[in-house]
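A closer look at the structure
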Amino acid sequence: MAASEEERHLTLTGDFDCDPSPLSTLRHSTSHVMAQAVKRLHPEVRLAIGPAIEDGFYYDFDRSTPFTTDDLARIEATMREIAHADYRFERREMDRTEAIRFFRERDERLKVEILEGIDAPRVSLYEQGEFVDLCRGPHVASTGRVKHFKLLSSSGAYWRGSEKNPMLQRIYGTAWLTAEDLEKYLWRVEEAKKRDHRKLGRELDLFDFHEVAPGAPFWLPSGMVLVRELEKFARESLDAHGYQEISTPLLVNKRLWEQSGHWEHYQDNMFKVEVEGETFSLKPMNCPESTYVYRRALRSYRDLPLRLSEMGRCHRNERSGTLTGLVRVRQFTQDDAHIYCRPDQLQDEITALLALVREWYKVFTLEPSFKLSTRPEKYLGTREQWDAAERALAEALRANGLAYDVNAGDGAFYGPKIDVDVHDVLGRQWQIATIQADLTMLPERFQLEYIDADGQPKRPVAIHRAIFGSYERFIGILTEHYAGAFPTWLAPVQARVLPISEKHADYARTVWERLRGARIRADLDDRNEKLGYRIRDAQMRKVPYMLVVGERERAAGTASLRPRTGEDVGAVALDRVVGDLTREIAVRAPDLTVGRS
RNA sequence: GCCGGGGUAGCUCAGAGGCAGAGCAACUGAUUCGUAAUCAGUAGGUCGCGGGUUCAACUCCCGCCCCCGGCUCCA
């Protein structure tokens, strides 16, 4: 996989500083124009780097005070002047040593530091007007090409991405080839804000956060419906796929973490508890404990694969600044499983797992993308073990007909893995599922064995996997994916009965009871409000079906059906409403189907 | 954890040394309504928490907590 533009700037890999496509080039050039504007307005700032990124660009500046929104407005105005002046982007080459001298004279310390780290004898500079920057290009012809852009925000960012380094001031902006594209992007950002799961979670009464428990949600009745439906879905599927569910303790003596290696490597992220002079910790992962279940009996090669699933509630002490709604929490529940198998079973297990991942995501109309991460520099086990495992994972991906990227060297120290991402409406990429082959960690540290056909003890392979990732994050992503309008099987309220006036309350109640009798999550809105008001309310709560009942409906034994999609389906016989709804829920249909023939 | 911005009624937000505000929601009453907001009235507050300055602090100063945008880290 090609390195991102940001990567290239940070690591100086590749031939260019940005992807030579028109859009990346434009964004890269826009970042130079921004740096030029900043230097004009604030000559004292020193330049760091300014790459193109997804949806835009940024530039980092060394400056003691942060940029304010007023600063951004002035910078943007100056950028427009620079664009109007239409300076040519001129490329110039010089010897590295000469370039070091050049930037040293200008007191551009960070540029000098970059140059000192390069081993190329010659380097290139790009110049537009009075502005010069160390850069490998490419760039647009002149600043006049920079037209459709907007500065978005400023924030702190560490030099070279390491928190050991000083903090710089970063300005983010976006740039597009046409005005329409820019408009569309800004609209998308607005739309994403509307779908923010934190906002929808509050509006739809799904969950709450409170200062007394940062990073841990309070699930409200409506949100708990989502949790329960997802759990039910997962259990049904896992039961059918040969898993056995277990549950292991939350609070565990530190001895276990010393054995698993977490105490050495993960201690800072663990919540510790002193109990009668002994140290315990809330589990940050479920894997070490699942080995106790494995080791409980002497396992035969015939027992494998052993698939142990767990709704594992984990606690990780994430740094305070990183918490974000449901997608980054301190307490979460993984849909975890550990599969213990013989090395020769690895490929089939992974193949089946990938099929399961696709099957699950299809239900939610989520588009996954797959990444295979391979042997890192520091690894446990033998090369032969790794080669065989990587081959098994790659073959499994191929067997499922899946395209995938390779993240070379990005595997865990104990084995290669496949990560699955989805994109949310904000364009953010979330890692959801992970499938990790574990050749050594659990098997070696916990001395796992099975008795093979030849009567000899052998070491099994473990697979760690989660498909939703965590219920919390998954519900956060689903909320934004559906904009709160969950498919009927997930919807906290599936149908709402609306009597036209008090006169129809009795019939409305029988309709309501009929729905509830069929185990449909229905409610009755017989408040003393006009019908329009109550329809608006149900609409904003994103209730899939409204059943409006008045005199006509009572006489005919029907309900007027108004799906939240807004169309008027008209009067539908109650039997049919109940039948269609029950079916729609049972098959976990992605769309609303009731009353349509 | 770091940089910046915030925290005022259930929600969205105004107010910036001198009586705490609005809209929506809630509650009460009237209205009995046919597909996205009926009218009138009532009630609602430790202005995040703690300390300081002042005759007087929501407002100024210090510390802390939490939230938001990034950085770093990550399911």
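To be clear, the structure that these remarks concern was listed above.
Okay, so let's go over this structure. Quantities reported herein were computed from a predicted structural model and do not represent experimental measurements.

**Quick word on the side chain of Gln436**
- By the secondary structure assignment, Gln436 is in strand E21 (residues 429–438).
- On the accessibility criterion, Gln436 (14% relative accessible area) is buried.
- In this structure the side chain of Gln436 is engaged in a polar contact, spanning 2.4 Å, whose partner is the side chain of Tyr414.

**Some words on unusual backbone geometry**
- Along the chain, Gly137 connects to Pro138 via a cis peptide bond; the corresponding omega equals -5°.
- Within the secondary structure, Pro138 is located in the loop between strand E6 (131–134) and strand E7 (148–158).
- Residue Asp55 is not a glycine yet carries a positive backbone phi of 75°.
- Inspection of the secondary structure assignment puts Asp55 in the loop between strand E2 (52–53) and strand E3 (56–62).
- The phi torsion at Gln447 lies on the positive side, around 50°, for a residue other than glycine.
- Tracing the backbone through its elements, the reader meets Gln447 in the loop between helix H14 (441–445) and strand E22 (450–451).

**Comments concerning the protein's contact with RNA strand B**
- Neighbouring residues of RNA strand B: 53 residues in total, closest Ser320, Glu502, Asn528, Arg536 and Glu553.
- Take the atoms of RNA strand B that sit within 4 Å of the protein: sugar and phosphate atoms are 51% of them.
- Between Glu318 and RNA strand B, the recorded distance is 3.3 Å, taken from a side-chain N or O atom to a base nitrogen.
- Between a base oxygen of RNA strand B and a main-chain N or O atom of Arg552, the distance comes to 3.5 Å.
- The set of elements that each furnish at least two residues to the surface near RNA strand B consists of E7, strand E8 (167–176), helix H7 (197–203), E21, strand E24 (461–470), helix H17 (531–540), helix H18 (551–556) and strand E28 (558–563).

**Description of the pattern of salt bridges**
- Applying the stated criterion to the full structure yields 52 salt bridges.
- Note that Arg307 is salt-bridged to Glu349, the shortest N-O span being 2.8 Å. Remark: Glu349 occurs in helix H12 (residues 346–363) and Arg307 occurs in strand E16 (residues 306–315); sequence separation between them is 42 residues.
- Within the structure, one salt-bridge network assembled from shared partners comprises Arg496, Asp523, Asp525, Arg527 and Asp537.

**Section: the nonpolar core**
- In this structure, Leu230, Tyr361 and Phe364 are the most contacted members of the largest nonpolar core, which totals 60 residues.
- For this core, the leading source of residues is H12, giving eight residues.
- If near-sequence neighbours (up to four positions away) are discounted, Leu230 is found in contact with Phe364, Phe468, Tyr471, Phe474, Ile475, Leu478, Trp489 and Leu490.
- Grouped together as the second largest cluster of nonpolar side chains are 26 residues, Tyr59, Ile82, Phe131 and Ala175 included.

**Observations concerning the packing of helix H8 (residues 221–240) against H12**
- Remark: H8 packs on H12, axes separated minimally by 12 Å, with the N-to-C direction vectors making an angle of 145°. Of the two elements, H8 crosses H12, and the hand of that crossing is right-handed. Packed against H8, whose contacting residues are Phe233, Ala234, Ser237 and Leu238, the element H12 presents Leu356, Glu359, Trp360 and Val363 at the interface.
- Each residue belonging to the contact of H8 with H12 can be placed in one class, and the counts come to six nonpolar, one polar and one charged.

**What about the sheet that holds E16?**
- Overall, mixed pairing links the eight strands, which are arranged E11-E16-E17-E24-E21-E20-E18-E19 in an open sheet. Edge positions in the sheet fall to strand E11 (244–245) and strand E19 (404–407), since each of these pairs with one other strand and no more.
- Pairing geometry for E21 and E24, over five bridges, is antiparallel. If you follow Ile435 over to E24, its bridge partner there is Arg465.
- Contacting E11, E16 and E24, H8 crosses the sheet at an angle of about 150° to E24.
- Relative to E24, H12 is tilted by about 5°, and along the sheet it contacts E16, strand E17 (331–341), strand E18 (369–373), strand E20 (417–423), E21 and E24.

About the criteria used
Residues numbered from 1 in each chain as written. Chains lettered and ligands numbered in written order. Predicted model: local features only at pLDDT ≥ 70, side-chain atom pairs only at ≥ 80, totals over all residues. Heavy atoms only, no water. Helix = DSSP H or I, 4+ residues; strand = E, 2+ residues; numbered from the N terminus. Buried < 20%, exposed > 50% of the residue type's maximum accessible area, 1.4 Å probe, protein only. Polar contact = N/O pair within 3.5 Å; in protein donor to acceptor, adjacent residues only side chain to side chain. Near = heavy atom within 4 Å. Salt bridge = Lys/Arg side-chain N within 4 Å of Asp/Glu carboxyl O. Core = buried A, V, L, I, M, F, W, Y, C linked by side-chain atoms within 4.5 Å. Contact = heavy atoms within 4.5 Å. Axes fitted to C-alpha atoms, helices over the stretch in contact; angles between N-to-C directions. Left-handed = near helix turned anticlockwise from the far one by under 90°. Nonpolar A, V, L, I, M, F, W, Y, C, P; charged D, E, K, R; others polar. Pairing = 2+ DSSP bridges.

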